[in-house]
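Coordinates in review
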Amino acid sequence: MRRLVRPLLLTALAACCGVALAAGPAAHQAPKGKLPHWVVPQSYQLAFKVDPAQQDFSGVTTIKVKLTKASDHLWLDGKELMVSKVTVTDADGKSHPAVYTEVDSKAGVARLDFGHILPPQALTLTFLYSAPLNAQLQGLYKVTAKGKPYAMTQMEPISARFAFPGFDEPDFKTPFDISLTVPDADTAVANTQQVKQTPAGKGWKTVTFARTLPLPTYLVAFAVGPWDITKAFEIAPDTYRSKPLQLRGIAANGEAHRMSHVLGETPSIIHALENYYGFGYPFDKLDLLAAPDFAAGAMENPGLVTFRDWLLLLDKDSPARNVRGSFNVTAHELAHQWTGDTVTMTWWNDIWLNEAFATWMQQKVTEEVHPEYRADLDRVRGAQGAMRNDSLVSARKIRQPITGNGDIMTAFDGITYQKGASVLGMFENYVGPKIFQKGMRAYIQKHKFGNADANDLVDAIAEAAGKGAAFKRAFNSFLNQSGVPYVQTRLEHKDGKTVLDLRQSRYLPVGSSGSADRIWGVPVCVRYGTASGSKVSCEMLDKATGSMVLSDASQPTWVMPNANASGYYRFSLGKAGLAGLIKHVANLTDAEKLAYADAIYAGFHHGDLNAGDVLMALQPLTGSKVREVATAPIGQVGWIYRHEAKTEAQRARLVAWMKAAYLPRLQALGYQRKPGESEDASLLRSTLAETLAFDFKLPSVRAALLAQGEAALRRKPDGRLNLAAADPDLLGDALGIAVQKQGKTAVDALMAELPETSDPALRNGILRGLSHADTPMLAERVRDFSLSQQVKVGEMASLLLGGRDTLAERNAMWTWFTAHYSQVLKRTGSFAGGRLPRLAAAGGCSGGEASRLQAFFKPRVSDAAGIDRGLAQTAESIQLCSALKARQNPNTILSR
């Protein structure tokens, strides 16, 4: 019978030739997770024909592979590709047709059937295909700027399969040869330098680029369109790089002149990174591209780093947040050139090796080049933001096992970035910066142009520090389990010594269903009072309980249980210990003051402190001259105002607290940027104006912003809005107040202005203003507008996340979202699956909101990768908010 032919043939081949046969899934069952590694790519040739004005592109992909087991097929990745022909050329140079079948259309996994069994050998696979230019900012996608079309790529994490067939996994690093056939009038750029340009028929040219160093598929990058490119200039050689590095800026037509600021900052970033790693920038050029629309903030493609346009297109009137964000994001992406591009994680469970290291390294670079940016405080605030997510039972681990594409898509979160960076900083502090740097240099050298996993990194640091198994267990305890350590402290006097007793568990907020029984290896560092000032003492707490002797402690003493805020943990002092610390807040460093503020937050959400306690404990921070410290109380007081204050008297008490704490500061700053003022002053003005105008609705602040908003809405002689009339840092807030005051007139004007506006900062201001629409009819119009072509895909969420302070507003958003779910899903696509539940229900604080969220999404978890995790985390956050609201007593607001 025919069905026996193949098994008999396989058995005979194995018996006569002594070859191993490819084992694996059933004949047509696509592998889940990793592809089988008995086929290993060796190199790619990618030839694309792209006209951004069209809806489709075509390509020829040639892959040299090593087949290590006899098989009649192989598995690879490809999604939405219309493959017309496949040829397999064997080691003898004979070519055979093969059949390509996309077996798992959701995951993008395909099977290539050879038609007969091939023994182990080197093969060349050639695919002829076409595919649509993606409309959801994935793979090779199409965007429009000023009416002109562009095509560009975003491959990370698993979107290369939309652009070409291949082995779309990070440990398959190979060289790539890329050529682009494009219209004569268009410009083409890619990862490497152009080496050749030839005519390709009437109206077409082929641009060929130098072979890349070994890369995974997710780092392949190119772009086609009427790009504007700055004149190239060189970053000078240094100790670690012998040749000048070519640097260029690339932007949509007519916009590249606005890249001079970021290009001027880039050399200092490159030199700082080279000096730290002791290893020169390894790629043949460096282009920074401002993308007209983009799903991520930026992408570290070697040689062609891509960004949201507002991060690169800057001038003297750019908002301070854009200028500072530009430097920090550029430093992050360039740090990836070493951690991520030169050394790539083996599998997606170690994406933290890319992202945590880039976050941690960016903070180092920023501290070196722009110490006034206070990256040390950004590190603390980032860690505290991660802790809020990490307090959920549904939180990811840093090294989260990958069970499917959803786990890959949702890995790009605060746990990977900010928690990972904080853990690195904690162990750097424990072993010492110089020793940690020695370990990092060894790690980069050992694995350059290859792959590594967490064990490789931990081993390198341990070896540099002369540490053994206990150190590795401590480090891994933060990588391989979720949650935030909660270190509870108690002072005792024993035998004439001052002893601090320590007890650790998992931090869980009120209403959590999790178990607190969890142990980490926590490097606990404590600052305490002495007669001459203070001292710091450190101890590795790797059991449930421990203690440390505080030598020379004053009597009585005070304790800050997270010295310099260097540890990724929360702490509790008990009410007596907290009362002692409150008296000595002025003795703390700025970072410690942020850790103190987080301890108040943690105590409130743990049920240990009430609203009155919070207001009393946070008040000393509001007078700080440091912006990050002074504004630290705002989020917690805002939560109490929105969710706990029930009466007019309670709300008036909170408004008075905020007014006394912050209005004089805002009045001193004024509502317009002053010549020569610091970026920090602009950032503080923006934070205070937004908070006092929208959250606490102070009439004087709203009036000042309204005057600017009305001026911005007045038309110039050319009929355009005079958006420059508002302070650039306050534009969105000023327009938001105008929208709330003028209503339909302002909304109509802003909706008409948006498609006429190409400046990304002005677009962001318009979108921010529209998001403040506060009447049901106008809010619905704004949500409808978010689905229109006038709003870029990457801008849509900024309109949908506004207006959620009240249950009525959240109900209106819920009704709209469920009615337009299919349209939202179609626009965002699979890259945003994990964010959809948050988009629908963020800000919720009642059991009913959690229940309806689960009821709606549970039948839809397979609509896009990551919805299941996004659902679990959003629903749990809503339930915890509801539980805390029920636990607290609003009468305590008036008790202090």
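Each chain has its residues counted from 1, running along the sequence as written. It should be noted that, the model being predicted, local features are given only for residues of pLDDT at least 70 and side-chain atom pairs only at 80 or more, the latter also being counted only at that level, while totals for whole chains, interfaces and linings use all residues. Each side-chain value is derived from all of the structure's non-hydrogen atoms; neither hydrogens nor water enter the calculation.

1. Describing the pattern of salt bridges
- When a carboxyl oxygen of Asp or Glu is within 4 Å of a side-chain nitrogen of Lys or Arg, the pair counts as a salt bridge. Taken as a whole and judged by the stated rule, the model has 46 salt bridges.
- Of the charged contacts, one joins Asp759 and Arg258 as a salt bridge, the two residues approaching to 3.1 Å between their closest N and O atoms. Residue Asp759 is found in the loop between helix H20 (744-753) and helix H21 (760-770), and its partner Arg258 is found in the loop between strand E18 (245-251) and helix H2 (260-277); the two are separated by 501 residues along the sequence. Each member of the pair, Asp759 as well as Arg258, is classed as buried.
- With a shortest N-O distance of 3.1 Å, Asp459 and Lys472 are connected by a salt bridge. Here Lys472 lies in helix H10 (residues 469-479) and Asp459 lies in helix H9 (residues 454-465), a separation of 13 residues in the sequence. Numbering of helices and strands runs from the N terminus; a helix is a DSSP stretch of H or I covering at least four residues, while a strand is a stretch of E covering at least two. When accessible area is computed with a 1.4 Å probe and restricted to protein chains, residues below 20% of their type maximum are described as buried, those above 50% as exposed, and intermediate ones as partly exposed.

2. Remarks on the side chain of Ser482
- Position of Ser482 relative to the elements: it lies in the loop between H10 and strand E24 (485-494).
- Only heavy atoms enter the contact rule, under which two residues are in contact if any of them lie within 4.5 Å. Those residues in contact with Ser482, other than ones at most four positions away along the chain, are Asp390, Ala395, Arg396, Lys397, Lys419, Arg506, Arg518 and Trp520.

3. So, the sheet that holds strand E7 (residues 109-118)
- Two strands form a pair only when DSSP identifies at least two bridges running between them. Strand order in the open sheet made by the 3 strands is E3-E7-E6, with antiparallel pairing throughout. If you trace the sheet from one side to the other, it starts and ends with strand E3 (71-77) and strand E6 (99-104), each paired once. In this sheet, neighbouring strand axes are inclined to one another by 30° on average, regardless of whether the strands run parallel or antiparallel.
- Across 5 bridges, E6 lies against E7 in antiparallel orientation. Bridge pairing links Thr101 to Arg111 in E7. Only the stretch in contact is used when fitting a helix axis, every axis being a line fitted to C-alpha atoms; angles between N-to-C directions are given from 0 to 180 degrees.

4. What to know about the state of the cysteines
- Here, a disulfide means two cysteine sulfur atoms that sit within 2.5 Å of each other. Within the structure shown, the criterion is met by 2 disulfides.
- Here Cys525 connects covalently by a disulfide to Cys538, the sulfurs 2.1 Å from one another. An S-S torsion of about 110° defines the bridge between Cys525 and Cys538 as right-handed. Of this pair, Cys525 sits in strand E26 (residues 522-530) while Cys538 sits in strand E27 (residues 533-541), and the two are 13 residues apart along the sequence.
- By relative accessible area, Cys525 is classed as buried at 5%.
- When its relative accessible area of 42% is taken as the criterion, Cys538 is described as partly exposed.

5. Digging into the environment of Gln888
- Examined against the element boundaries, Gln888 turns out to sit in the segment after helix H28 (867-887).
- Distance from Gln888 to Ala724, taken between C-alpha atoms, is 45 Å for residues 164 residues apart in sequence.
- For Gln888, the contacting residues outside a window of four places in its chain are Phe604, Leu609, Asn610, Ala611 and Glu644.
- Pairing of N or O atoms within 3.5 Å defines a polar contact, subject to two protein rules: one partner must be a possible hydrogen donor and the other a possible acceptor, and residues neighboring in sequence count only if both atoms are side-chain atoms. From its side chain, Gln888 meets the backbone oxygen of Phe604 in a polar contact 3.4 Å long.
- From its side chain, Gln888 meets the backbone oxygen of Leu609 in a polar contact 3.3 Å long.

6. Comments concerning the packing of aromatic side chains
- Here a pair means two rings of Phe, Tyr or Trp (six-membered ring of Trp) with centres within 6.5 Å. Their orientation is stacked below 30 degrees between planes, edge-to-face above 60, and tilted elsewhere. In total, this model carries 39 aromatic pairs according to the counting rule given.
- Consider the rings of Phe427 and Phe471, whose centres lie 5.7 Å apart with planes at 85°: the pair is edge-to-face. You can see Phe427 sitting in helix H7 (residues 415-431) and its partner Phe471 sitting in helix H10, a full 44 residues away along the chain.
- What makes Phe471 buried here is its relative accessible area of 5%.
- Taken together, a centroid distance of 6.4 Å and an interplanar angle of 10° make the contact between Tyr430 and Phe471 stacked. Remark: Phe471 occurs in helix H10 and Tyr430 occurs in helix H7; sequence separation between them is 41 residues.
- These aromatic residues form a ring-pair network of at least three members: Tyr276, Tyr277, Tyr281, Phe283, Trp338, Trp352, Phe357, Trp360, Phe436 and Tyr443.
- Between Arg388 and the ring centre of Tyr601, over which it is positioned, the NZ or CZ distance is 3.9 Å.
- We note Arg860 situated over the ring of Phe856; from NZ or CZ to the ring centre the distance is 3.8 Å. A ring is considered to have a charge above it if a Lys NZ or an Arg CZ atom is located within 6 Å of its centre and within 35 degrees of its normal.

7. What to know about the nonpolar core
- Put simply, buried Ala, Val, Leu, Ile, Met, Phe, Trp, Tyr and Cys residues joined by side-chain atoms within 4.5 Å make one nonpolar core. Judged by nonpolar contacts, the single largest core of 261 residues is most densely connected at Leu112, Phe164, Trp352 and Tyr596.
- If sequence neighbours within four positions are ignored, Tyr596 has contacts with Met560, Phe571, Leu578, Leu581, Ile582, Val585, Leu588, Ala617 and Leu621.

8. Here's the deal with the sheet that holds strand E15 (residues 222-225)
- Taken in spatial order, the 4 strands line up as E9-E10-E15-E12 in an open sheet, and their pairing is antiparallel. Each end of this open sheet is capped by a strand with a single partner; those strands are strand E9 (139-145) and strand E12 (187-190). Within the sheet, the average angular offset between the axes of one strand and its neighbour, ignoring direction, is 15°.
- Here strand E10 (residues 148-154) pairs with E15 via 2 bridges, running antiparallel. Note that in E15 the partner of Ala151 across the bridge is Val224.

9. Some words on helix H12 (residues 590-606)
- Multiply 1.5 Å by the residue count of a helix minus one, and that product is the helix's expected span. Given a rise of 1.5 Å per residue, 17 residues ought to cover 24 Å, and the 24 Å separating the end C-alpha atoms of H12 matches this to within 8%.
- Of all 17 residues in H12, 15 are buried; the element is thus mostly enclosed.
- The positive-phi residue at the C-terminal boundary of H12 is Gly607, with phi of around 90°.

10. Section: helix H4 (residues 352-369)
- Taking 1.5 Å per residue as the helical rise, H4 with its 18 residues ought to reach 26 Å, and the 25 Å between its terminal C-alpha atoms agrees with that figure.
- Counting buried positions along H4 yields 14 of 18 residues, so the element is predominantly enclosed.

11. Structural notes on the pairing of strand E14 (residues 204-209)
- In the sheet, strand E11 (residues 176-183) pairs with E14 via 5 bridges, with the strands oriented antiparallel. Looking at E14, one finds that Thr181 is bridged to Thr206.
- With antiparallel pairing between neighbouring strands as the criterion, strand E13 (residues 194-199) and E14 make up a hairpin whose turn holds 4 residues, including Gly201 at a positive phi of roughly 100°.

12. A look at empty space enclosed by the protein
- A cavity here means a set of points on a 1 Å grid, drawn over the protein atoms and nothing else, where a 1.4 Å probe fits but cannot get out; a pocket is an open set with protein on both sides within 12 Å along at least five of seven lines, and a residue lines either one if it has an atom within 4 Å of a point. Grid points are joined across faces, edges and corners, and a volume is the space filled by probe spheres set on the points. Tallied over the full model, the rule gives 2 cavities of 30 Å³ or more.
- Of the pockets and cavities examined, the largest cavity occupies roughly 100 Å³.
- Gln384, Met387, Asn562, Gly567 and Tyr569 are, among the 16 residues lining the largest cavity, the residues nearest its centre.
- The set of elements that each furnish at least two residues to the lining of the largest cavity consists of helix H5 (375-390), strand E30 (570-572) and H12.
- The greatest single-element share of the lining of the largest cavity, amounting to 5 residues, is contributed by H5.

13. Thoughts on the environment of Asp413
- Its location among the elements puts Asp413 in the loop between helix H6 (405-409) and H7.
- For the pair formed by Asp413 and Leu180, sequence separation is 233 residues and the distance between their alpha carbons is 34 Å.
- The contact partners of Asp413, leaving out residues within four places of it in the chain, are Arg396 and Gln418.
- Side-chain polar atoms of Asp413 contact the backbone nitrogen of Thr416, separated by 3.1 Å.

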